[in-house]
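# Breakdown of the fold
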Protein chains: 4
Amino acid sequence: MTRLAVTDFAAEARAVLDTSVWDWLDGGAEREWTVAGNRAALDRVALVPRVLADVSGCDTKTTLVDSGASLPVAIAPVAYHRLFHPEGELATARAAAAAGVPFTVGTLSSVGLEELAETGAVLWFQLYWLRDRGRLLDLVRRAEEAGVEALVVTVDVPFMGRRLRDAANGMTLPPTVHAALLDEGSSGRAHRSARDSSAIASHTAEIFSPAVTWHDIAWLRGQTRLPLLLKGVLDPEDAVRAAAEGARGVVVSNHGGRQLDQAVPAAMALPAVAEAVAGLPDSRFQVLVDSGIRSGSDILSALALGASGVLLGRPVIWGLAAGGESGCARVLSLLETELRNALGLAGCPDLRSATRLRVARMPYFPGKTP
Amino acid sequence: MTRLAVTDFAAEARAVLDTSVWDWLDGGAEREWTVAGNRAALDRVALVPRVLADVSGCDTKTTLVDSGASLPVAIAPVAYHRLFHPEGELATARAAAAAGVPFTVGTLSSVGLEELAETGAVLWFQLYWLRDRGRLLDLVRRAEEAGVEALVVTVDVPFMGRRLRDAANGMTLPPTVHAALLDEGSSGRAHRSARDSSAIASHTAEIFSPAVTWHDIAWLRGQTRLPLLLKGVLDPEDAVRAAAEGARGVVVSNHGGRQLDQAVPAAMALPAVAEAVAGLPDSRFQVLVDSGIRSGSDILSALALGASGVLLGRPVIWGLAAGGESGCARVLSLLETELRNALGLAGCPDLRSATRLRVARMPYFPGKTP
Amino acid sequence: MTRLAVTDFAAEARAVLDTSVWDWLDGGAEREWTVAGNRAALDRVALVPRVLADVSGCDTKTTLVDSGASLPVAIAPVAYHRLFHPEGELATARAAAAAGVPFTVGTLSSVGLEELAETGAVLWFQLYWLRDRGRLLDLVRRAEEAGVEALVVTVDVPFMGRRLRDAANGMTLPPTVHAALLDEGSSGRAHRSARDSSAIASHTAEIFSPAVTWHDIAWLRGQTRLPLLLKGVLDPEDAVRAAAEGARGVVVSNHGGRQLDQAVPAAMALPAVAEAVAGLPDSRFQVLVDSGIRSGSDILSALALGASGVLLGRPVIWGLAAGGESGCARVLSLLETELRNALGLAGCPDLRSATRLRVARMPYFPGKTP
Amino acid sequence: MTRLAVTDFAAEARAVLDTSVWDWLDGGAEREWTVAGNRAALDRVALVPRVLADVSGCDTKTTLVDSGASLPVAIAPVAYHRLFHPEGELATARAAAAAGVPFTVGTLSSVGLEELAETGAVLWFQLYWLRDRGRLLDLVRRAEEAGVEALVVTVDVPFMGRRLRDAANGMTLPPTVHAALLDEGSSGRAHRSARDSSAIASHTAEIFSPAVTWHDIAWLRGQTRLPLLLKGVLDPEDAVRAAAEGARGVVVSNHGGRQLDQAVPAAMALPAVAEAVAGLPDSRFQVLVDSGIRSGSDILSALALGASGVLLGRPVIWGLAAGGESGCARVLSLLETELRNALGLAGCPDLRSATRLRVARMPYFPGKTP
Ligand SMILES: Cc1cc2nc3c(=O)[nH]c(=O)nc-3n(C[C@H](O)[C@H](O)[C@H](O)COP(=O)(O)O)c2cc1C
Ligand SMILES: Cc1cc2nc3c(=O)[nH]c(=O)nc-3n(C[C@H](O)[C@H](O)[C@H](O)COP(=O)(O)O)c2cc1C
Ligand SMILES: Cc1cc2nc3c(=O)[nH]c(=O)nc-3n(C[C@H](O)[C@H](O)[C@H](O)COP(=O)(O)O)c2cc1C
Ligand SMILES: Cc1cc2nc3c(=O)[nH]c(=O)nc-3n(C[C@H](O)[C@H](O)[C@H](O)COP(=O)(O)O)c2cc1C
């Protein structure tokens, strides 16, 4: 089995995972229009390379929020890594540490924060807004103590999207996997199967609040010195508001097509968001992007469209499922190879020059579907 | 059989219906370009969600023309429901009553107006312009007496479109079904089969007038206090004229692709119509839309493109055929679920905020065809 | 076999014709990009209908150049009708006479002009520019004497396009068919087969001039009082020049995709040409169009895009092959039915209102391929 | 087997070549998005022909850089022709000489420069920037002495693109083929196979410099009186800079999709480059283009989009593989036939009028895929 493209790992993951787990990973909301749209929007991007720059030592180092990163890449929060591999988040965090990219621990991590801190990875912590504000603050404190460098507040999940594959499969957590940070064990809602519905969705509906507003962000801002990144912003006005409320950045994301089906593809939303925040007083404000990134060319496209970096969701999990820590490491190193290759061939000795590349758009995808 | 998407009911309906009835329901004019185009236009819409609004209690209640509605939805007029289920319009009207949405009784209803009034549904009455003006006025009076709340005047049927499937099938009404409001029994033109032509088309050619003009609308306006909705308007100037003639709204519609083939898809025509009437003095003037609406995301798209609500044609009939009143109720409740989900995930606590969503357009449909 | 759409006749024609004759009819130049493009451009057109006009008596009568026509339609010049049916042009001309539309006799007619005049059809005569100017003038005189009402000068054939199917088939005229107006009998170049080339192409290369210019048009203008129509114009400047040289109109055409492959689809070129000539002093100057017209909706689209009428090429021949005069008559009457239907459903009581319809464009063809 | 279109030769080549050689020829970088995009961009071009020009003697002669050419065509540099035919570059150069078009000898030629000079072909020499500047200058001198008329400096290969087919095949040079101008014999890196990687890529990484800049171009300019053509320019600013540094032209090229995957298709980049250099003081500065040219219509499209001529890569090699010198000659003569045909049918008596053709763009490719 060749491993020459990141998508090669998807085939391996699919082969080893239970259908219901694969579907949970691969699937999206309703018709999966936005899942497909994320790719369609990236697949239309045509990059205009420059020539005759010295690219013998392409520099990919950068700072994401306040964290150093060897690549303009961070690992996106993905719930329950132990569904994909017994070592779960431990394996992925170790691979991230080795690759030198920030690892985002999810509220629904299946491994404890403290254990993950020991991997040496730069950690970010993703926050789902718990209905119980006490528990929410506890999580923040625990993250602070574990040495987390940024809080990623997911703002596109007032409740979970309608993932029809999970409903059809009656997706449920197995007894061996649970939300390690929520002190709930394996008898909670996420473990109780029901016909035509996802137990994971029911569980989150029970514990997450659909009533979070900008006031809550302001309140959280007052509770912690950690920089805040709002994940799931697609409208430029929301990005500007995020800055006004003291966030240090946004992740342009539609949650990998798992929330609102028919939501705008991330690469289509990105330029307007980047432009809207370009003139803001706080020049440290960053626009990251995720949803559909699958290659070094995609990362380069994201930079050219205005992002400071990308988050990786499914590709990292493909590596995890395909080969644990080393599978994940292979994915990350392949992406580094691809990115260095793309930067060099686009005539970019560094990331800043990547943001200056001209971008054109094809009316449709002319290439081979992965 | 899963019933997780509205289109799942189409498969069930197809399985239980005679081919010629299914074809009559499913088909459109000539090449069915407009049938496909209706979907293509909706499938290009990319919605830009907002975040951090309190969506814990999404409010979907609204007023359509003068009728209260629990959703921005009304049941479109569809001729002869008894072709699809023995209870016919009684079943669909009951489901509409339960769901709290207006039910449009057609001129070609296969159940009497008075019986339908007893279901407790909010009723609208759809008027085809009969050649015999006396009979036309009789129908209006009967509708008024039955407590109908609006008259829906269909303006895109000077005669019926060329539906080739019906012609090929020699589509004819069975003896058990007839136009209950036209006092014709089962021996009329609609029951007489002929090779390579549709008896339903011949019947309507016989009794409907192709000579209706704006003057007739003005005349009708003088005959009744019921609010008028003109159904089948696609050009902005016609919408403005409708308002000038005292109509209370238009339905942007190409009759589900059953009249002029190559007519503009409804979602493509909608924005210009909505814009044209935005500045009119009568702020109560409404733009509704139908033709191709199949999901909560589609309803949200319609609102974002400028509609106050949608009419549902085929989806309601799929439910009726698949399971009578309860099948129809399932379709309506699924749409409510989807709409609430979409509103929440788009950050819209109410319908008004939905009309402010940004809309982008993909060059083609990236998702899975239903 | 149903005959509900014009394209249904194509299947019948294909079934009765020799492959090499079918290929000659159906094929186009090189990759047949323009053949497909002609449909693609028409298939993108979305028409915006009007409502509430009295369409009880849609008037389709018009004048094309100086000829009365019951429809905005003329029969395009097509060489050698006897390849498709023993009666050849006699059959098609009779059908045209019955339908009340002008019939264009080609320079490569396989039936004599005088015989065709006896059918009672309004005749136009299509001129290929013979290298021998004497023979050319003879043809013009013969046309004048036969009562022809217009000269259609084909300007897109300095030589024949590279029709690869014909080359592969070694396309040759059978002994029973020859160019009746060229007094050549059956021993000429068009009857001599050669490997990997079309004898029809060799023949035309021998007798047609590739050196015709605007000066020749001016000269011809001085030789005859017949109105001139230049067929094969796609650039607006050429249309303006045509008017300046005294032509009475142009046919926007790429010869059905048979000349320059990659030539702009006719429906794409039409609006700019129509606009360019709109302000010309001679208001009688007409823009006709052909290449890809297959239905009443297509004719309506052509009018809405600025044409005064259309020419029909292959569809007429499908009818001829499928059933001689009566097959051809069926095609024409189906098109009349479709056009009347389309006009009525678009709210157009006459052709003038059709030219005022709004036109939108889909990014791609959503409908069923014929 | 028909040879009516240039792409017919691809099938023949594929049939005779080893898979790994075919893949090396046919393939491109990563997903081959740009390979497909090159065609997609050309396939959208719709040309607007002119009429009534005397095209009896279409003149295709031109000057490319300082070389006379019978067509606006030159043979692109392609490494190691002996992989495709035992006579290698000798065969192709002879065919080029016969056709009267410049032949570009590659740095990675598998036949010596001096032998090629004896074919009588107009020679250009393509320069890859060797890490060893001494060897680089030696190559330039050798080229000058062989009578080369232009230096083509390839600027899009700081290192080779990631060609996944070659990596999967472990592509290696056979002992019979080597880089004749690099005095390396058959024991170098290009001959040593390795798993999951291309020996050709490893070899070039070893000897080519990724650190070339505009300063090096200026230096080279000072070392030779040969005119310089920079091959691989896509951004208009780079073209303007090329002129400022004294180059005599650029080749708009993405290396046939073999370098940066997701690089803009050449035909999409061409107009902006042509426009940017249109106003430059040195009116001799030329814009050539390659990547995807497969027919006379494509050459005409390139001219209409602003190029002075095209380079041909793969098509020439298809001919070489299919039939050595005569196969190659067939490809070139077919292209000449097609170009003369296209010019004539577009109403262009010469190349200058081709550059004035109007160009439209279809949203997608309507034709048959070759
Ligand atoms: C299986 C799965 C679980 C996810 N869980 C979370 C989560 O717990 N919290 C969160 O903010 N995002 C979650 N996401 C979304 C990712 O953070 C990210 O936005 C998305 O995966 C990016 O798209 P991609 O997978 O196409 O790269 C999840 C995504 C997947 C595929
Ligand atoms: C089987 C069928 C019968 C219909 N009968 C009528 C009718 O009697 N009067 C009318 O105004 N519209 C009629 N319509 C059109 C619908 O009111 C509505 O415009 C259309 O169905 C909307 O498109 P949709 O089916 O894609 O939702 C009919 C539609 C169908 C499918
Ligand atoms: C088989 C065939 C023969 C034709 N012969 C002629 C001809 O002799 N003279 C001419 O001006 N056009 C000729 N044409 C072109 C037609 O007049 C017309 O432009 C074209 O067929 C229109 O496209 P359509 O076939 O898609 O309707 C021919 C077309 C076909 C298909
Ligand atoms: C097999 C192969 C080898 C090539 N080798 C070289 C080379 O050595 N130097 C170079 O500048 N370009 C090289 N090219 C690129 C060509 O010069 C040219 O840019 C490209 O082939 C044009 O695209 P086309 O093949 O679609 O016509 C090569 C291309 C191919 C297909």
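Chain A is annotated in an unreviewed UniProt entry as Alpha-hydroxy acid oxidase of Streptosporangium jomthongense. The UniProt entry for chain A carries the following comment under Sequence similarities (unreviewed entry): "Belongs to the FMN-dependent alpha-hydroxy acid dehydrogenase family." Looking at chain A in UniProt, the text filed under Cofactor (unreviewed entry) is "FMN".

Moving on, we get to the site of ligand 3. All names here are of chain C. Close to ligand 3 lie 21 residues, the nearest being Pro77, Thr154, Asp290, Gly292 and Arg294. A distance of 2.6 Å separates an oxygen atom of ligand 3 from a polar backbone atom of proline 77. Contacts to ligand 3 include tyrosine 128, whose side-chain N or O atom sits 2.9 Å from a nitrogen atom. In the complex, the protein chains occlude 98% of the 600 Å² of accessible area that ligand 3 would expose alone. Of all the secondary-structure elements, those providing two or more residues to the shell around ligand 3 are α2 (19–26) and α13 (314–345).

On to the interface of chain A and chain D. The interface is formed by 41 residues belonging to chain A together with 46 residues belonging to chain D. Broken down residue by residue, the surface that chain A buries against chain D is led by Leu4(A), Leu52(A) and Leu345(A), which jointly contribute 22%. Between chain A and chain D we count 13 residue pairs in polar contact (both at pLDDT 80 or more) in total. Residue assignment for the side of chain A that touches chain D shows that the elements contributing at least two residues are α3 (33–43), β1 (45–48), α12 (296–304), α13 (314–345) and β12 (358–361) of chain A. When residues of the side of chain A that touches chain D are assigned to their parent elements, the largest contribution, eight residues, is made by α13(A). Its residues assigned to classes, the side of chain A that touches chain D shows 24 nonpolar, seven polar and 10 charged.

Bringing the relation of the copies chain C and chain B into the picture now. Mapping chain C onto chain B is achieved by rotating through 90° and translating by 0.0 Å along the same axis, at an RMSD of 0.0 Å. Given the turn and translation reported, the copies of this chain are related as if by a four-fold rotation axis. Distance from the rotation axis, computed per C-alpha, reaches its smallest value in chain C at Pro363(C): 4.4 Å. Interface overlap between copies is the fraction of interface residues in one copy that are interface residues in the other; for chain C against chain B it is only 10%, indicating separate surfaces.

Calculation criteria
- Going along each chain's sequence as written, the residues are numbered from 1 onward.
- Here the convention is simple: chains get letters from A, ligands get numbers from 1, in the order in which they are written.
- Whole-chain, interface and lining totals are the exception, using all residues; otherwise, since this is a predicted model, local features are given only for residues with pLDDT of at least 70 and side-chain atom pairs are given and counted only at 80 or more.
- With hydrogens and water set aside, each side-chain value is computed from the structure's full complement of heavy atoms.
- UniProt positions are given in the numbering used here, feature names are shortened, and annotations may be inferred rather than shown by experiment.
- Put simply, a residue is near a molecule or strand once any heavy atom of it comes within 4 Å of that molecule or strand.
- Two N or O atoms count as a polar contact when they lie within 3.5 Å, although within protein this holds only if one can serve as hydrogen donor and the other as acceptor, and sequence-adjacent residues are included solely when both atoms are side-chain atoms.
- For every accessible area listed, the method is Shrake-Rupley and the probe measures 1.4 Å; residues are considered covered only by the protein chains on display.
- Comment: elements are numbered from the N terminus, with helices defined as DSSP H or I runs of at least four residues and strands as E runs of at least two.
- Contact criterion: two residues are considered in contact whenever any of their non-hydrogen atoms come within 4.5 Å of each other.
- The term buried area means the drop in 1.4 Å probe accessible area that two parts suffer when joined, counted for both and summed.
- Note that Gly is not counted as nonpolar here; it falls among the polar residues with everything else outside the nonpolar set of Ala, Val, Leu, Ile, Met, Phe, Trp, Tyr, Cys and Pro and the charged set of Asp, Glu, Lys and Arg.
- A residue counts toward the fit only if its pLDDT is at least 70 in both copies, and the copies are then superposed by least squares on the C-alpha atoms of those residues.

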